[in-house]
Every structure is written in C-alpha cells, then in structure tokens.
Amino acid sequence: MEAPSESVNMSATTEAAVEEAASDYAAFATVDMDSELTGIHNAVEEMQLRLEEFTSIVGMLQTKGDKAITDNMPCFQALRPHVNNLCKRIDALDAFIAKVNVDLSTLEANMDVAESTLKPSENKLSMLNPLSLFKKSPDPPEDTSQQTDFEPITIFKADDYFKGESSKS
C-alpha cells in the first residue's frame, strides 16, 4: 500500500492538473460577445447606410420621372391631332398606291391587247426614223382601216386621295 502522503500529493497534483486543464478548456468556451458582435454590428450599420442611399436615389429618379411625365404630357396631347392627321394621310397614300397599281395593271393589259391587235411591222417603225424618208420604200403602206376604237379607262385622280394637299404646296 502506498503512503497517505503520496496519495495526497498525487491527488493534489492530479487536482492541479485537472484544474489547469479545466481552465484551459474554459478559455475556449468563454466567448467575448462584445468583441465578436462589434464586427457584425458594423457590417449591419454599413448595409443599412447603403440601403438608405439606394432608397434616396430611387426616390429622386421616381420624382424626376413623374416630373418628366407631368411636364411632357400636355405637349404629347397637343401633338395628338397632328399625329392623327399624319396617320390619315399615310392611309390615303396607301389607298392611292393600291389604286395606281390596279390602274397600271389595267393599262398594261390594254397595251398588250393594243400591241397584239396592231402588230406593228418593221415598215411602220421605219417610218418613224427620219433617215428612212430618203430611202425608197419597196412596199406600199398597209391599210390601217382595221384599227379598233380606243376606249380610255378611268384612272386615278390624286385630288380624290389628297384633298386640300395640292393647295398647300
């Protein structure tokens, strides 16, 4: 058996070691909340400041946008009749172009019929050449009594589509 003094010594040494280990472990478990939270508080305050700046910028932009709309709306409303008139003129121009296309197609068809009916010969075309007057013509001119009567088609009138525009220019 061991002596009681050795056991007390051992127990005191063990107890001192346990207390030292406990104090070391306690140092790990002890948290200084003020120093730890100071960084978080600073970050939150900085974010709050940035949010307030952003809010003020958005407010200024909103105010400028409202002012721009308020200032320009009467101008836009004043221009509306002019824009409506311009739209009507564009619609009239579209209708005019469509009518011209229809009339042009009809004229081309009539021209094709006239050309096929008259069948211009080289002789008739050569009469239009001033130098051919000095040449001796071997064939007598053909009889043109078979010509059909020309019936002109009704074509567009610009005044029907642009009323009052010709007097303005």
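Refer to the structure presented above.
Note that the structure is a prediction, hence the values are computed from the model and not measured.

**A short note on the pattern of salt bridges**
Under the defined criterion, the tally for this structure stands at four salt bridges. Its salt-bridge partner being aspartate 71, residue lysine 67 comes within 2.8 Å of it at the nearest N-O pair. Residue lysine 67 and its partner aspartate 71 are located together in helix α2 (residues 33-118), separated by four residues, close to a single helical turn. Judged by its relative accessible area of 46%, aspartate 71 falls in the partly exposed class. Across the salt bridge formed by lysine 99 and aspartate 103, the nearest N and O atoms sit 3.4 Å from each other. Of this pair, lysine 99 and aspartate 103 both sit in helix α2, four residues apart, roughly one helical turn. Overall, the relative accessible area of 29% leaves lysine 99 in the partly exposed class. Judged by its relative accessible area of 4%, aspartate 103 falls in the buried class. Within the structure, one salt-bridge network assembled from shared partners comprises Glu46, Arg50 and Glu53.

So, how was this worked out
Residues numbered from 1 in each chain as written. Predicted model: local features only at pLDDT ≥ 70, side-chain atom pairs only at ≥ 80, totals over all residues. Heavy atoms only, no water. Salt bridge = Lys/Arg side-chain N within 4 Å of Asp/Glu carboxyl O. Helix = DSSP H or I, 4+ residues; strand = E, 2+ residues; numbered from the N terminus. Buried < 20%, exposed > 50% of the residue type's maximum accessible area, 1.4 Å probe, protein only.

Fair warning: the whole summary comes from geometry, so function is off the table for now.
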